[in-house]
Structure formats: C-alpha cells, structure tokens
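Here are the chains, one letter per residue:
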Amino acid sequence: MQVPPFSLTEQLQHLGEELDQAVLQVLRSGQYIGGGVIAAFESEFATSVGTAFAIGCNSGTDALILALRGLGIGPGDEVITCSFSFFATAEAISAVGATPVFVDVEESSYLIDLDQLEAAITPATKALLPVHLFGRPVDMERVCAIAAAHGLQVVEDCAQATGASWAGRPVGSWGDVGCFSFFPTKNLGGAGDGGAVTCNNPELAARIRELAVHGMPRRYLHTSLGYNSRLDAIQAAVLRVKLPHLPSWVERRRGLAQTYHQALGSRLEIHLPEVGPAGHSWNQFVVRVPRCPGASACAGSCTPAADSANYGLPEASCRDWLKQELQAAGVTTIIYYPIPIHRQPAYADLGYAPGSLPRTEQLCAEVLSLPIFPELAAEQQQRVIEVLSALAGKVQSQACASVAA
Ligand SMILES: *Cc1c(COP(=O)(O)O)cnc(C)c1O
C-alpha cells in the first residue's frame, strides 16, 4: 500500500461534478477578472473568519505583502517573526523593503517563543508577524497584549491555519490583518494559487484592495504603486464550492491527529507533536526524531544530513534514515522545513550565525511530517502507524549501525 503525503483524488470524486459546474459557469460567463463570484467568495470567507472584510489576492505571499504595505510598513522598519516557517513569511517582509527580525521558536509547540518577543523589539519595530505554523494557533491574546503595550501592528500568517481558532475565535480575526493562502495543500485549497487578506478596518481594507489592483482607487487613477494581485474568478468559484466543507475537513484532520496520538503514544524514540489547543487545525502532523546520541554511541560513524553540513545545522539526527525507511515501505513523508530561513543563502546578509536560533536549527534537523489530509483513509493511516511503530524502536540503534555499514 502506498501512502502519499497529500492527495486530491478522493476529494475530486466527491466534489468533481460540483467543481466542474462552478468552473464551467465562470468559463461560459466570459467574466474572468472580478465580478460577482469574487465578491460572493470574499463575503463568505470574511464571515467564516469573523471579520468585516476579506480581500482576495493571487497568493498567500501576496496577502502578506499587501497586508504589510497596507499598514504602511517599508524601508527602515523591522518586523518580528520566526525563522521556522515557509520562506514566504520573511520574503514578504523583505519585499516591502522592511527587515525581518527572527525570534526563536518553542521546542514544544514549534511556534514563536512569546517569552523572547519583547526582547527583540527596538525603536524600528513596526509589527509582529506570528505564524500559525502547521495549523496550530499562536496565543493571540498574548501577542495582541504585547503589541498593544508597545504600539505595534499585528499581521497573522494564517497560510497553514485556515479553519483554526484561538480561544474560540478564528485566526485571522485577532490581529490588524490576517493573511491566508489557498495553495492546493493548505486547509482550504484552490485549483492553483490564491490568497486572501482579512481585516475589520474599512480604510485598511480599501487601501489593500487598491494595492492589489495597481494602486488604483478608480479606473486609471493611480494613487500608489501597487501590484497586479487579484484572485481569479475561476479560483473564487472553486473556493466557493469548497468553503462549506472546511469545518468538516478540519474536524477530520483533528480526528486523524488524535488517532496518531493514541496509536503512537509517547514513544521515547520519536516525539509526537503536542496535542495543543482545541482550535488546532492540523495542516501538518510533525514528529521529531531526536538527535543521534553522538560519537560515544555510534563511534562517530553517523553522517550529518547534507543540509546540516552545508547550512551549519546541528549534526546527524536519525530523521533522514527514518524518512528513507518509511519511503521504502510506501509511506511518503515531507520535511517542513530542512533549512531555517535565517540560514538560507538569500538571507546571508542578515548575519545570523549558526547557533543564533538554536531551537529552530535543531527542529530543522529533527522534524518529519506524517501524512495527514482529510481524505486519508483509515487503512492508510493504520499502515503509517504500523510501519512507524516497527521502525521507531530502531531509531537510535539500527539507524547509526546502518549508516556505519
Ligand atoms: C504557504 C505559505 C505561505 C505562502 O502562501 P502561497 O499561497 O504559497 O504564496 C506563507 N506562509 C506560510 C507559513 C505558508 O505555509
């Protein structure tokens, strides 16, 4: 049995007819840019997030860029975020001319360490940009309190957390702005790229809407330098079909996470992710394969993962070995993310040395994402559990031996 990390096959069987109709209707309407289907999706999406406004745009990356520009953040400004995230989180900050400032994450939650947040604030800091990584919501009451105490804006990176909530309130409704991605593997995925910005402030919503269409408040009047970043009508039509299913898809993800927790228990060789708050939307189920016990245990024969050597990350974990063994048994896993943002060649000029964000660097050497998506069949998940259980006990003995051999 093959278990993929993600697949749309099942979903397309269920929704195929409805999606075909929705796409055909747009195709035959001849209205591909703007129009009623966009407005309808934006209004439905805003309702689902609990904000007054949602503005569609062409990706989650653009949602972040538009949000930062809308808040007036630019050259000379600093934005505090985490380095354990998809690259776009920081890339968007740089794209508006501001500087990303990275705070380490907590080992237990994988999320930005709020205890370290205030120490990173300088007179140049304009905004906090927490990432609801893997679908787990950041403590937004604390983030908003810190922001209020220091007069900072809050931009939520909700790309992986559509359908998640903190203290019963959806992510994307806490900060000044919420930024969502509809990349196909996210909790609400389109048939291509797409994104949205959510907010409650009407002036901010209008500014973001203008920026997304060439800084153009009315036809051929350009009051700022903007972007061409619209959500396509076909994408909006697809997303309208899918949005009503989001709550049940997130529930299914929660059920799968619970099954992993129950079946894998607290195996010492592999650390499971924390159960986390009730509003966790489980876009990914990320385990940690602890670091190799080191020279004394494996006689120094463990080779560091290639990325460890090249990017100054902690030495050899048995993660890469486990990934290979799972693959050989038909279970495909993914490493989110092998290289932290602050160690990426593109950010060499920021000057973060190896060891500057130790937990982030350690996680990059240890994490492995197991298959989790709403249509993952019970038998497929059982297969993952079976294979992983059989391999787990070997992680710190066999892995080192096999590398040595
Ligand atoms: C996917 C993602 C983005 C970017 O979204 P795109 O739609 O791919 O541009 C930004 N931040 C995080 C955390 C993401 O996972």
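Preceding this paragraph is the structure being described.
Worth saying up front: this structure is predicted, and the values here are computed from it rather than measured. (Residues numbered from 1 in each chain as written. Predicted model: local features only at pLDDT ≥ 70, side-chain atom pairs only at ≥ 80, totals over all residues. Heavy atoms only, no water.)

1. Topic: the overall build of the protein chain
Helices and strands together make up the secondary structure of the protein chain, namely 14 helices and eleven strands. Its C-alpha atoms give the protein chain a radius of gyration of 22 Å, near enough to 22 Å, the size a compact globule of 405 residues would have. Split into buried and exposed, the 405 residues of the protein chain put 53% on the buried side. Nonlocal contacts in the protein chain, meaning residues at least 24 apart in sequence, comprise 72% of its contacts between residues at least 6 apart. When the 26 basic and 38 acidic side-chain charges of the protein chain are each reduced to a single mean position, those positions are 3 Å apart. (Helix = DSSP H or I, 4+ residues; strand = E, 2+ residues; numbered from the N terminus. Rg over C-alpha atoms; globule rule 2.2 N^0.38 Å. Buried < 20%, exposed > 50% of the residue type's maximum accessible area, 1.4 Å probe, protein only. Contact = heavy atoms within 4.5 Å. Lys, Arg positive; Asp, Glu negative; His and termini not counted. Charge placed at Lys NZ, Arg CZ, Asp CG, Glu CD.)

2. Quick look at the site of the ligand
Around the ligand, 15 residues are found, and the nearest of them are Gly60, Thr61, Gln160, Ser181 and Lys186. A distance of 2.7 Å is found between an oxygen atom of the ligand and a backbone nitrogen or oxygen belonging to Gly60. Relative to its unbound accessible surface of 380 Å², the ligand loses 93% to contact with the protein. Using a 2 Å cut-off from the grid points, one finds that the ligand occupies the largest pocket. Taken together, the elements giving at least two residues each to the shell around the ligand come down to α3 (60-70) and α4 (88-95). Of the residues in the shell around the ligand, the class split is five nonpolar, eight polar and two charged. (Near = heavy atom within 4 Å. Polar contact = N/O pair within 3.5 Å; in protein donor to acceptor, adjacent residues only side chain to side chain. Areas by Shrake-Rupley, 256 points an atom, 1.4 Å probe, with all protein chains shown as cover. 1 Å grid on protein atoms, 1.4 Å probe; cavity = no way out; pocket = protein on both sides within 12 Å on 5 of 7 lines; lining within 4 Å. Sits in = over half its atoms within 2 Å of the grid points. Nonpolar A, V, L, I, M, F, W, Y, C, P; charged D, E, K, R; others polar.)

3. Some details on the nonpolar core
Counting residues in each nonpolar core, the largest one holds 95 residues, and the members touching the most others are Leu68, Phe84, Phe285 and Leu322. Among the domains, domain 1 (9-103 + 110-245) and domain 2 (246-404) are the pair contributing at least three residues each to this core. Once you skip the residues sitting within four places of it in the chain, Phe285 turns out to touch Ala257, Tyr260, His261, Leu272, Pro273, Leu368, Ser369, Leu370 and Ile372. (Core = buried A, V, L, I, M, F, W, Y, C linked by side-chain atoms within 4.5 Å. Domains from an automatic or database assignment.)

4. Some words on the pairing of strand β9 (residues 195-199)
Burial within β9 is extensive, with five of its five residues counted as buried. In β9, alternate side chains face the same way, and those of Gly195, Val197 and Cys199 on one face and Ala196 and Thr198 on the other are all buried. Pairing analysis gives four bridges linking strand β8 (residues 177-181) to β9, with the strands arranged antiparallel. From the neighbouring strand, Ser181 faces β9, where its bridge partner is Gly195. (Pairing = 2+ DSSP bridges.)

5. A short note on helix α12 (residues 358-366)
The buried fraction of α12 is high, at seven of nine residues. Along α12, the residues classified as buried are Thr360, Glu361, Gln362, Leu363, Cys364, Ala365 and Glu366. On its buried face, α12 sits against β10 (285-288), α11 (319-328) and β11 (367-370).

6. Some remarks on the layout of surface pockets
What the largest pocket holds in volume is close to 370 Å³. Along its surface, the largest pocket is lined by 23 residues, and Phe86, Gln160, Phe183, Lys186 and Tyr337 are the ones closest to its centre. Sorting the residues of the lining of the largest pocket by element identifies α3 and α4 as the ones contributing at least two each. Tallying contributions element by element places α3 first for the lining of the largest pocket, with three residues. (Points joined across faces, edges and corners; volume = space filled by probe spheres on them.)

7. Re empty space enclosed by the protein
The tally for this structure, following the rule as stated, stands at three cavities of 30 Å³ or more. The computed volume of the largest cavity comes to approximately 90 Å³. Contributing to the lining of the largest cavity are 14 residues, with Phe6, Gln11, Lys186, Asn187 and Arg253 lying nearest its centre. Split by residue class, the lining of the largest cavity holds six nonpolar, four polar and four charged. When residues of the lining of the largest cavity are assigned to domains, at least three map to each of domain 1 (9-103 + 110-245) and domain 2 (246-404). As for the second largest cavity, its lining consists of Ser108, Ser109, Tyr110, Leu133, Phe134, Arg136, Pro273, Glu274, His280, Trp282, Gln284 and Val286. Here the lining of the second largest cavity is built from residues that sort into six nonpolar, four polar and two charged. When residues of the lining of the second largest cavity are assigned to domains, at least three map to each of domain 1 (9-103 + 110-245) and domain 2 (246-404).

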